[in-house]
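Chain by chain, the residues:
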Amino acid sequence: AANLINEYYDYRRGAEDLKQAGQGMILKQGLLSPRQVLTGAIITVLGGILIGLFLLLQSGPLLFWIGLGGVLVVLAYTAGPFPLAYNGLGEVAVGIFMGPLMVLGAYYVMAGQASWTPVLVGIPIGSMCAAILDANNVRDVKADRAVHKRTLAVLLGQRAARWEYVLLVGGAYILLAVLVLAGVVPWLALLVLVTLPQAWALISVVLTSDDTALLHRAQGGTAKLHGRFGLWLVIGWLAALVLAAI
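Here goes a summary of the coordinates provided. The structure displayed is predicted, hence computed values, not measured ones.

Structural notes on the packing of helix 3 (residues 62-76) against helix 5 (residues 100-111)
Part 1 of the reasoning: Remark: helix 3 packs on helix 5, axes separated minimally by 10 Å, with the N-to-C direction vectors making an angle of 150 degrees. As judged from the angle between their axes, helix 3 and helix 5 are roughly antiparallel. For the pair helix 3 and helix 5, the crossing hand works out as left-handed. In this structure, helix 3 uses Leu62, Leu63 and Ile66 to contact helix 5, whose residues at the interface are Leu101, Leu104, Gly105, Tyr108 and Val109.
Part 2 of the reasoning: Residues of the contact of helix 3 with helix 5, tallied by class, amount to seven nonpolar, one polar and no charged.

A short note on the nonpolar core
Part 1 of the reasoning: Core analysis: the biggest nonpolar cluster contains 32 residues, and Tyr165, Val169, Tyr173, Val185, Phe229 and Leu233 have the highest contact counts within it.
Part 2 of the reasoning: Listed by contribution, the elements that provide at least two residues to this core are helix 6 (116-139), helix 8 (152-156), helix 9 (158-181), helix 10 (196-208) and helix 11 (212-245).
Part 3 of the reasoning: It is helix 9 that contributes the most residues to this core, nine residues altogether.
Part 4 of the reasoning: Among all residues touching Val169, those that are not within four sequence positions of it are Met128, Ala131, Ala199, Ile203 and Leu225.
Part 5 of the reasoning: In this structure, Ala85, Val94, Cys129 and Leu133 belong to the second largest nonpolar core, which totals seven residues.

Thresholds, definitions, all that
Residues numbered from 1 in each chain as written. Predicted model: local features only at pLDDT ≥ 70, side-chain atom pairs only at ≥ 80, totals over all residues. Heavy atoms only, no water. Axes fitted to C-alpha atoms, helices over the stretch in contact; angles between N-to-C directions. Helix = DSSP H or I, 4+ residues; strand = E, 2+ residues; numbered from the N terminus. Parallel < 35°, antiparallel > 145°, perpendicular 65-115°, else oblique. Left-handed = near helix turned anticlockwise from the far one by under 90°. Contact = heavy atoms within 4.5 Å. Nonpolar A, V, L, I, M, F, W, Y, C, P; charged D, E, K, R; others polar. Core = buried A, V, L, I, M, F, W, Y, C linked by side-chain atoms within 4.5 Å. Buried < 20%, exposed > 50% of the residue type's maximum accessible area, 1.4 Å probe, protein only.

Below you can see the structure in the form of structure tokens.
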């Protein structure tokens, strides 16, 4: 739903006029009509709300507030009078709601109680997710500035946005290591370090390249890194549980 709404309102606001067709941009490429994208957005929002209400009945009131916040962020990300992505709040919203709050919500439904552990573990996940958005904004800074889309990259400048990427990606690994040292996360979760070469390669591209096509691939690579980081975290945690049970 968030992607469809983002696609629709970016197109309506003219935010894609100066951008090269890449990931998404289904309206600019004429693959779907604005009406089709808007219809898809409405259906997926309503479907998400219905699933959320079902899960709410299986858990407790905390999920209501997490879900309500999530729906508001989905709608306000590029829609409404104060779109978050157009006012430098995109990375913040994504980092919080697609990181600690998403992990906490899933944990709460299954465990039936709240805990700080999923919140803390969700921070590096959210940081990686925000890095996907930052890579996108680094690539599109000139086009966004031209249409007055005030992303963090536009507000802070491209150089600062590049270092923001380093902070978000590198910070995810550092924070995970801190959580391991603090005993919050089992040491086998450090299996995520197998993704470091990929992270380093992406950081090098984002820090040094001005080539739009290369930065576009770096954004896609960051999405893959986010998935692999989370996958290896799960594998490491499961391995620790198996060893503890033996």
